[in-house]
Amino acid sequence: MDCRTALEKIETKGDGLLPREEAAELAGHLAGCPACASENAAISATGPALRALTGIRAMEKAPALDAMWTRVRAGVEEGREARLRPSWIARWAWIPAAVALAVLALLFYPAGTDRSPFHPSTFDVAVEDVESDVATVALVDKGEDLPRVIWIIEDA
Amino acid sequence: MNEREKGGVPDDALIRTTLAGDDGAFGELVERYKGRAFAVAVGIVGDGDDALDVVQDSFIKAYYKLKEFRFGSNFYTWFYRLLVNQAIDRWRKSARSAEVPFDESWLSEDVSPADSFAYPRTPEDLARDRELGDALQRAVDSLPEYHRAVIVLREVDGMAYDEIAKVLGCSVGTVMSRLHYARGKLKESLKSHREG
């Protein structure tokens, strides 16, 4: 086995994917080649070194990590409440809806002479209606101690 | 790899129980995977507090996405996809994520001689040599984010190539080349510290 092949196999061996015969051949090469043996040592050290590095961080944060489920549960509850609460958009959506309704009402509300005539029957008691072909005529009682009012509304 | 193999309650069963309304079952999943998830997250984001936030946010996201989980697939592969994406997002937003140019020379097979320096193998070893720890962290930080994710999933979590490919949504070949690049970078960091 030459050095180039050996270097290619070092990582595969480290990942446990090198067949036994090739591993034995590599071991034979490393035993007789200090440069490749050194490379093997350095490459093989990257994994443990990285695990050591993350291990230090884990030791530093162990108490917080112990409380992870408490943190997650709190976050889940918060998310659940947020989902139940109407969103900002839903909370203020009535404003544009109201504006749209107002605009529609203004657009379609009958203007000027097209408006329905004011009629006494909408708010008062007509004491007597007088028949007429050209107008709505009514005698309206506005209440006790108040004079009767005569409504004469010309029909369109 | 997962708890089913260790003889505990299978992940699938805990997921079904959670979906049926028992949050305690999800708590068991959190307890089961929080350590591994933290190791992966801290390997990617570098900072312990950021990693805690990433783990917490990933579990919360997983809880609300649980109904999308496809039974029959591995929970931890599914969960790690959320976790790694969350960690990479966090890394991009952090001040540590300065642009680092991709150095093709790391892909070469050149060999440099080394002596009999004893490499750190445990957190205690590394804690004794703070400079080396800092140098190693700098080397990890200088890796492009997906290279960092690959080496962390492989070396810290022990995932197989095909599992890493599933988590990252790339080919096994891409995983292997990224792993080779990342190992080269870390190896040089260890060597230059020893020689310096």
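Here, every reference points to the structure presented above.
Residue positions are given per chain, counting from 1 as you read along its sequence in written order. Chain A is the first chain written and ligand 1 is the first ligand written, with later ones labelled in order. With pLDDT at 70 or above as the cut-off, local features in this predicted model cover only qualifying residues; side-chain atom pairs require 80 or more to be listed or tallied, and sums for whole chains, interfaces and linings still use all residues. Processing note: side-chain calculations cover all non-hydrogen atoms of the structure and skip hydrogens and water entirely.

**Quick word on helix H7 (residues 130-141) of chain B**
Applicable threshold: A run of H or I in DSSP counts as a helix once it spans at least four residues, and a run of E counts as a strand once it spans at least two, with each numbered from the N terminus. Here, expected helix span is obtained from the residue count minus one, scaled by 1.5 Å. Buried residues are those whose accessible area, probed at 1.4 Å on protein chains only, stays under 20% of the maximum for their type, while exposed residues exceed 50% and partly exposed ones sit between those limits.
Between its first and last C-alpha, H7(B) extends 16 Å over 12 residues, near the 16 Å set by a 1.5 Å rise per residue. The complete set of buried residues in H7(B) reads B:Leu132, B:Gly133, B:Ala135, B:Leu136, B:Gln137, B:Ala139, B:Val140 and B:Asp141.

**Focus: helix H4 (residues 48-65) of chain B**
Residue and element names in this part refer to chain B. Defined as follows: Whenever two N or O atoms come within 3.5 Å, that pair is a polar contact, provided that in protein one can donate a hydrogen and the other can accept it, and provided that, for residues adjacent in sequence, both atoms are side-chain atoms.
Helix length check: H4 (18 residues) gives 25 Å between terminal C-alpha atoms against 26 Å at 1.5 Å per residue, within 8%. Most of H4 is tucked away: 13 of the 18 residues are buried. For H4, the side-chain oxygen to backbone nitrogen distance between the N-cap and Asp-49 is 3.1 Å, and the N-cap itself is Asp-47.

**Topic: a nonpolar patch on the surface**
Where we set the bar: Distance thresholds for patches are 9 Å for like charges and 5 Å for nonpolar side chains (Val, Leu, Ile, Met, Phe, Trp, Tyr), applied to residues having over 30% relative accessible area and no salt bridge. Throughout, the Shrake-Rupley method with a 1.4 Å probe supplies accessible areas, and for residues the shown protein chains are the sole cover considered. When a carboxyl oxygen of Asp or Glu is within 4 Å of a side-chain nitrogen of Lys or Arg, the pair counts as a salt bridge.
A surface patch of nonpolar side chains, amounting to about 980 Å² of accessible area, comprises A:Trp92, A:Trp94, A:Ile95, A:Val99, A:Leu101, A:Val103, A:Leu104, A:Leu107 and A:Phe108. Within the secondary structure, A:Ile95 is located in helix H7 (residues 94-108).

**So, the interface of chain B and chain A**
Condition: Residues are treated as being in contact if the distance between any of their heavy atoms lies within 4.5 Å. Take the accessible area each of two parts loses on contact, using a 1.4 Å probe, and add the two losses: that sum is the buried area. Under the scheme applied here, ten amino acids are nonpolar (Ala, Val, Leu, Ile, Met, Phe, Trp, Tyr, Cys and Pro), four are charged (Asp, Glu, Lys and Arg), and all others, including Gly, are polar.
The interface is formed by 54 residues belonging to chain B together with 41 residues belonging to chain A. At the boundary of chain B with chain A, total buried surface from both sides reaches about 4,200 Å², with 67% on carbon and sulfur atoms. Counting every contact that joins chain B to chain A gives 8 salt bridges. One salt bridge in this structure joins A:Lys61 and B:Asp49, with 2.8 Å as the shortest N-O distance. At the boundary of chain B with chain A, the tally comes to 18 residue pairs in polar contact (both at pLDDT 80 or more). Elements supplying a minimum of two residues to the side of chain B that touches chain A: helix H3 (23-45), H4, helix H6 (123-128), H7, helix H8 (145-156) and helix H10 (172-195) of chain B. Counting residues per element, the side of chain B that touches chain A draws most heavily on H3(B), at 11 residues. Here the residues of the side of chain B that touches chain A sort into 28 nonpolar, 11 polar and 15 charged.

**Some details on the layout of surface pockets**
What counts here: Whether a set of points on the 1 Å grid over the protein atoms alone is a cavity depends on a 1.4 Å probe fitting there but being unable to get out, while an open set qualifies as a pocket with protein on both sides within 12 Å along at least five of seven lines; lining residues are those with an atom within 4 Å of a point. Grid points are joined across faces, edges and corners, and a volume is the space filled by probe spheres set on the points.
When its volume is computed, the largest pocket comes out at roughly 220 Å³. For the largest pocket, the full set of lining residues is A:Leu53, A:Ile56, A:Arg57, A:Glu60, B:Leu126, B:Ala127, B:Arg130, B:Gly133, B:Asp134 and B:Gln137. Only helix H3 (34-60) of chain A together with H6 and H7 of chain B provide two or more residues apiece to the lining of the largest pocket. Here the residues of the lining of the largest pocket are counted per class, giving 4 nonpolar, 2 polar and 4 charged.

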